[in-house]
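One-letter residues, chain by chain:
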Amino acid sequence: MGVDYYNVLKVGRNVSEEDLKKAYRKLAMRWHPDKNPNNKKEAEAKFKQISEAYEVLSDPQKRVVYDQYGEDGLKGQMPSTGSGAGAFANGSGQSGYRFNPRNAEDIFAEFFGASNPFSGMNGSAFGSRNGRPTFGDGKFGTENSFRSFNESGTSSGLRKAAPIENKLPCTLEELYNGCVRKMKISRSIIDASGKSMLVEEVLSIGVKPGWKKGTKITFPEKGNEQPGLIPADVVFVIDEKPHDVFKRDGSDLVVVQKIALVDALSDYTISVITLDGRTLNIHCNEIITPGYEKVLPKEGMPIAKETRKRGNLIIKFDIKFPSRLSTEQKSGLKRLLAGSA
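Parameters at a glance
- Residues numbered from 1 in each chain as written.
- Predicted model: local features only at pLDDT ≥ 70, side-chain atom pairs only at ≥ 80, totals over all residues.
- Heavy atoms only, no water.
- Helix = DSSP H or I, 4+ residues; strand = E, 2+ residues; numbered from the N terminus.
- Buried < 20%, exposed > 50% of the residue type's maximum accessible area, 1.4 Å probe, protein only.
- Contact = heavy atoms within 4.5 Å.
- Pairing = 2+ DSSP bridges.
- Axes fitted to C-alpha atoms, helices over the stretch in contact; angles between N-to-C directions.
- Parallel < 35°, antiparallel > 145°, perpendicular 65-115°, else oblique.
- Left-handed = near helix turned anticlockwise from the far one by under 90°.
- Nonpolar A, V, L, I, M, F, W, Y, C, P; charged D, E, K, R; others polar.
- Salt bridge = Lys/Arg side-chain N within 4 Å of Asp/Glu carboxyl O.

A. Up close: the overall build of the protein. Broken down by element type, the protein carries 8 helices and 17 strands. A total of 341 residues make up the protein; the buried ones form 40% of that total. In the protein, the share of contacts with a sequence separation of at least 24, taken over all contacts with a separation of at least 6, comes to 56%.

Laid out in structure tokens, this is it:
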């Protein structure tokens, strides 16, 4: 099998193109020989291997060959159908291929392009060859030069695009129980050759029980890629959809129950279907006066940071008074209520 290129870049065999680029960017910056003056020979070997691994795995055709036949298949002494990757076979029916790794410097320079972290340094201090930075001759500066950019390969002087915010409307049930929302986005990316291409991606958002309106979920650098600019963060902001029964007040849930005056003055049972589908039968044997509220502890919204705790369910009453009473009804009410004052 030879060298395990996936292991070299610390990625899985199903790695996406985007994650592959992130892995190369991080490792190439970490193991650049001029950043490792005390173990330069080891760094040069690792840097070369990292570049070779990226060259193979970022090329769909080379990657297919490697996945089937390994490094030996890539570099075997078998006839090729042309330069680069392609279909191949020898006279015995065995697969054959010839791969010659490119210069690590060329891959590095091509990868960073206009976003080259060294382009922001002071001019000729790093030297150049055919428009790309030169390596291995000390012209890249000292280790301190690398401190002006981080291991993601982005210069600290680069401007980052403004965050892109999108509302994420959620039902009260989703915010009560939690859910997974999938959002499809389209964005432009720059591939290893420097070309811009439009890709679609599905982002999974795990909405946690108890999240409130205004909660933000950030996907770092998922905006459009542009030369010389750090991609924007994509931010989803939780928004609450109106509910037919409940109104949220912080961690409490409020229900307004309409009742007739006769029910307010006598025993009354309320049935409430909760956001998780349970039925609560709430018995009221007290006199319900205007402004009265009945509180059921721990039947409100979950508290996001303390999942075992919940707010309260508050029942408010809208008492419907009769629009008119007959003389006989008024007299009857006086008799009934005369001794209750």
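Following the structure, the description resumes.
B. Structural view of the pairing of strand β12 (residues 268-273). Residues Tyr 268, Ile 270 and Val 272 point to one face of β12 and are all buried, whereas Thr 269, Ser 271 and Ile 273, pointing to the other face, are not buried. Summarising the sheet, β12 and strand β13 (residues 279-284) pair through 6 bridges and their orientation is antiparallel. Within the sheet, the bridge partner assigned to Thr 269 lies in β13 and is His 283. With antiparallel pairing between neighbouring strands as the criterion, β12 and β13 make up a hairpin whose turn holds 5 residues, including Gly 277 at a positive phi of roughly 90 degrees.

C. Summary view of the packing of helix α2 (residues 17-30) against helix α3 (residues 40-57). Two numbers describe how α2 lies on α3: the axes approach to 10 Å, and their chain directions differ by 165 degrees. Of the possible angle classes, the one that applies to α2 and α3 is roughly antiparallel. In this structure, α2 crosses over α3, and the sense of that crossing is left-handed. In contact with Leu 20, Lys 21, Tyr 24, Leu 27 and Ala 28 of α2, α3 contributes Phe 47, Ile 50, Ser 51, Tyr 54 and Leu 57. Along the lines of polarity and charge, the residues of the contact of α2 with α3 split into 8 nonpolar, 1 polar and 1 charged.

D. Spotlight on the pattern of salt bridges. What the rule picks out here adds up to 19 salt bridges. Its salt-bridge partner being Asp 67, residue Arg 13 comes within 3.3 Å of it at the nearest N-O pair. With Arg 13 in the loop between α1 (5-8) and α2 and Asp 67 in helix α4 (residues 60-75), this residue pair connects regions lying 54 residues apart in the sequence. For Arg 13, a relative accessible area of 43% corresponds to the partly exposed category. By relative accessible area, which is 35% here, Asp 67 ends up partly exposed. Among the salt bridges present, the one from Glu 286 reaches Lys 294, with a minimum N-O distance of 3.2 Å. What emerges from the salt-bridge pattern is a single network uniting Glu 18, Lys 22, Arg 187, Glu 201 and Lys 222.

E. Inspection of unusual backbone geometry at higher detail. Despite not being glycine, Lys 10 shows a phi value in the positive range, around 60 degrees. Following the sequence through the fold, Lys 10 ends up in the loop between α1 and α2. Using a relative accessible area of 62% as the deciding quantity, one classes Lys 10 as exposed. The phi dihedral of Lys 298 is positive, around 65 degrees, even though this residue is not glycine. Mapped onto the secondary structure, Lys 298 falls in the loop between β14 (293-296) and β15 (302-303). Given a relative accessible area of 63%, Lys 298 falls into the exposed group.

F. Spatial organisation of the environment of Trp 31. Within the element layout of this structure, Trp 31 appears in the loop between α2 and α3. With 11 residues separating them along the chain, Trp 31 and Glu 42 place their C-alpha atoms 8.7 Å apart. In this view, Trp 31 contacts Asn 36, Asn 39, Glu 42, Ala 43, Lys 46, Phe 47 and Ile 50; residues no more than four positions away in its chain are not counted.

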